[in-house]
Amino acid sequence: MDAKPALDARTLLLGFVCGYLGVLVFHQLTILGLWYLGLGRNFPWSFRPVPLFGAPAVLQAAFWGGMWGVLIAACRLYVPAGAARLVYGFLWGALLCSSFGWYVVAPLKGNPSPAFGFETMWRGLLINGMFGLGTVVFLELADRFFARRAAEAPPPEPMADA
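Residues numbered from 1 in each chain as written. Predicted model: local features only at pLDDT ≥ 70, side-chain atom pairs only at ≥ 80, totals over all residues. Heavy atoms only, no water.

**Q** Help me understand the nonpolar core, please; the structure alone is not making it clear to me.
**A** Within soluble globular proteins, side chains that are nonpolar tend to cluster in buried spots. Counting 16 residues, the largest nonpolar core has W68, I72, Y88, W92, C97, F131 and L139 as the members making the most contacts within it. Elements with a contribution of two residues or more to this core: α1 (9-36), α2 (57-76), α3 (83-108) and α4 (118-152). Top element by residues in this core is α4. It accounts for five residues. Among residues more than four places away in sequence, those in contact with Y88 are L71, I72, C75, R76, V79 and V136. (Core = buried A, V, L, I, M, F, W, Y, C linked by side-chain atoms within 4.5 Å. Buried < 20%, exposed > 50% of the residue type's maximum accessible area, 1.4 Å probe, protein only. Helix = DSSP H or I, 4+ residues; strand = E, 2+ residues; numbered from the N terminus. Contact = heavy atoms within 4.5 Å.)

See the structure below:
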């Protein structure tokens, strides 16, 4: 029986790292695939500065992916292991991240919500869904890596009485 991971600082830090990587790998590779198929407008891994702080676009997206990764990691503890977690990750990214972008971020930037344009909508659902899936894949890999390391670690030395 697998031990259920605890919601602790390590889990949240891993969530950030895995979300960051989820953007750099899965999110951006999906954009690349769409671009090569002629279905995307932008080439991935853009270092074009974006407002507010002038940070490169891909690094800003990765930072926010890390923040979403913290939430994904925290809630993932309540999803059964296996394929259900992969579906959970995809749906989290596709539905929650996309909806937040459409209804919160776009209006804050003074842009109309792109949710009502089918072309923009399906791309956002796919790209963000792949981000969520990638985040969960990286979290699962991290769980296996750390579980294996813990199993291979020698038992701690008993402390000598002083």
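Now that the structure has been shown, the text picks up again.
**Q** Got a minute to help me understand the environment of L139 in this structure?
**A** The topology assignment puts L139 in helix α4. Taking the relative accessible area as the measure of exposure, L139 reaches 2% and is therefore buried. The sequence separation of L139 and P158 amounts to 19 residues, and the corresponding C-alpha distance is 33 Å. In this view, L139 contacts L14, G15, C18, I72, A73 and R76; residues no more than four positions away in its chain are not counted.

**Q** In this structure, what is going on with a nonpolar patch on the surface? I would like to understand it.
**A** Taken together, the side chains of L29, W35, Y36, F43 and W45 define a hydrophobic patch exposed on the protein surface, amounting to about 540 Å² of accessible area. Following the sequence through the fold, Y36 ends up in helix α1. Overall, the relative accessible area of 60% leaves Y36 in the exposed class. (Patch = residues over 30% accessible without salt bridge, like charges linked within 9 Å, V, L, I, M, F, W, Y side chains within 5 Å. Areas by Shrake-Rupley, 256 points an atom, 1.4 Å probe, with all protein chains shown as cover. Salt bridge = Lys/Arg side-chain N within 4 Å of Asp/Glu carboxyl O.)

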